[in-house]
Structure formats: C-alpha cells, structure tokens
Amino acid sequence: MSQKQPRRPESHEQNMGTAHLKEQPNLDSNQQKEPIKYGDVFPHVSGELASKPISPRDAAMMQTAENLVLGKTQKGGAAAAMQSAATKNENAGLVGHTDVTDITGDQRVTVAETDAPGRCIISESVAGQVISEYSRPAPIAATTTSTVDEDAVTIGEALEAVAITAGDKPIDQSDAAAIQAAEVRATGINPTIPGGIAAEAQSAASANARLTDDEEKTKLSDVLTDATSKLHKDKTVTSEDAEGVVSAELRNNPNMATYPGGVAASVAAAARLNQEQ
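Just so you know, these numbers come straight off a predicted model, no measurement behind them. (Residues numbered from 1 in each chain as written. Predicted model: local features only at pLDDT ≥ 70, side-chain atom pairs only at ≥ 80, totals over all residues. Heavy atoms only, no water.)

Visitor: What exactly am I supposed to notice about helix α4 (residues 78–91) here?
Guide: It helps to recall that an α-helix has 3.6 residues per turn; residues three or four apart then point in one direction. Counted at 1.5 Å a residue, the expected span for α4 with its 14 residues is 20 Å, and the 20 Å between its end C-alpha atoms agrees. At the C-terminal side of α4, Gly93 shows a positive phi close to 75°. (Helix = DSSP H or I, 4+ residues; strand = E, 2+ residues; numbered from the N terminus. Expected span 1.5 Å × (residues − 1).)

This is the structure in structure tokens:
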C-alpha cells in the first residue's frame, strides 16, 4: 500500500525546504525484497547512513526524542516517516522488532529546538545528519535571555523530584547512566566525581544486579534525596541537558525506553517548564 507522508499545515508551521520526504516504495510485504533505507525516505542524508535500513528501535528513539523535546510526536515529522518505513520493513521480515541500526545506536538520535526571531527552528538528526528541519511560530511571550531565572528548575531539583515520583525503583544501569549525564551537565566535570551521586548510583546499580530481592536493592530515593546538596555545582535545566540525559538513559536500557517519572523524564519535564517560563 502506498503511503505518502503528510506535510505540516502551512498555517501552523513553515517547512524549511531541507526536510522534504520521499514517497515510500509502493510495495506490500510480499513484494518488498529490500528494506527501506534512510536514503529512500530522507533525500539529504549521505554516506553510510543513507544505506542503512530504518529499524523499529530507530523509529522509537526518534518518537521518544520528539515527545520529550516538543511535547508530542509531530504529524508528518521524522518519527512518523521512520515509523512507517520501519513497520513496512518489519512486516516484510527484513528487520526484527528489536533491531536498532548500529550507526544510530552509536551516534544518537536528536531533536533540537532553536529560537530565532519570530519562530522556532526544529532540527531532527540521526547519527549527526539532519534528516528533517522546519520552523514554527514562536510563542508570543517567548524571550531569549542568558540570565539564570531564580524560579527556573535546576538539574539538582529535577533529580530530587525523581526521589518522589520514582523513588521506590531499584537503580539499574540506565538510571546510573542518566544520573551520570545529569551530574556532568550540572557540574561541567567529566569523568565521574569520586563520592558524587553518579559514583553512588553506579555502585548501587552494580550491587543491585547481583541481588534478586528488590527489597534489598538500593532505590532511586536512596541516592537522589537532597541531590542538590550533593552536587558540586548546579545549573538551570536546558533542552540540551535534557537531550543528553534522555540519550544516556535510552542507550543503557535494553528496551530503548525511558522510565515514567524517572531521571530522563524528570529532567525533560524540567526543561520544558523552564522553556515555558
């Protein structure tokens, strides 16, 4: 069945001219012999990425990124195009449901929103290549400032919120990776700070992996309560901070998903709140 990706209504968003999607091949699952690749859907990609098949987890990562940065999956956006292609590839038996393209897993999927006079520019990238870019009107009250707002949510505060929203969750490697990414963003210090919350979370994740009883495992609340006071330095959460933390949690979760109310979700929510303010 032929399916053409819908364009964004011009009354709401302005396409920038670099994100035109190709119409996907008119093949049913029995006719399709080759997987739909990035170069088949996104005409501006090049190199190794263009020849890579679009897999279900690639699409899931882009959908998660759109949800976290933009608040929802965008109709006619990169995630929708990737999901359509991945579904066709899976139905044809050319990719597995849990497959992820190696270059995508290694070099990340990102969605970035940049303020410009009168509009916001949205760039969606896979493995460092922009596959979709468009603009939409900026919120009327939106302003750009380099001054830290006293009412803005900091990374430490976002981590402390996790102790409430997901405090009973035993810490695993995805949590530890997200906490480490948050600590690096907050302090600007890399590698892990000895005795810091990232080191504590990593130690807890390693110990928990050897335990079978959840009651004995170290929980998120054990590490993240009073996180602000445990950080050597703190900062206001930005969308770039949220991207880094979300990416870290996704890469270290076998299901390529973030935990509801967890570290990535809390930092992303804080970034959205700060942007609205």
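Visitor: Just checking my understanding: could you explain the pattern of salt bridges for this structure?
Guide: Enumeration according to the criterion identifies 7 salt bridges in this entry. With a shortest N-O distance of 3.2 Å, Asp172 and Lys169 are connected by a salt bridge. Overall, Asp172 belongs to the partly exposed group, its relative accessible area being 31%. Lys169 gets classed as buried once you look at its relative accessible area, which sits at 11%. Two residues, Arg185 and Asp241, come together in a salt bridge whose shortest N-O distance is 3.7 Å. With a gap of 56 residues between them, Arg185 in helix α7 (residues 173–187) and Asp241 in helix α11 (residues 239–251) connect regions that are remote in the sequence. Owing to a relative accessible area of 33%, Arg185 belongs among the partly exposed residues under this scheme. A network of salt bridges, in which partner residues are shared, links Lys169, Asp172 and Asp175. (Salt bridge = Lys/Arg side-chain N within 4 Å of Asp/Glu carboxyl O. Buried < 20%, exposed > 50% of the residue type's maximum accessible area, 1.4 Å probe, protein only.)

Visitor: When you look at the nonpolar core in this model, what are you seeing that I'm missing?
Guide: The nonpolar side chains of a soluble globular protein tend to be buried, and buried together. Residues Leu159, Leu220, Leu224, Val245 and Val263 are the most contacted members of the largest nonpolar core, which totals 36 residues. Among the elements of the structure, α6 (155–165), α7, α8 (197–208), α9 (220–224), α11 and α12 (263–276) are those that each provide at least two residues to this core. A per-element tally of this core places α7 first, with 7 residues. If you look at the next biggest cluster of nonpolar residues, it comprises 28 residues, including Met62, Ala86, Ala127 and Tyr134. (Core = buried A, V, L, I, M, F, W, Y, C linked by side-chain atoms within 4.5 Å.)

Visitor: Where do I start with the side chain of Thr154 in this structure?
Guide: Note that Thr154 resides in the loop between β4 (129–137) and α6. Beyond its immediate sequence surroundings of up to four residues, Thr154 is in contact with Asp234, Lys235, Thr236 and Val237. (Contact = heavy atoms within 4.5 Å.)

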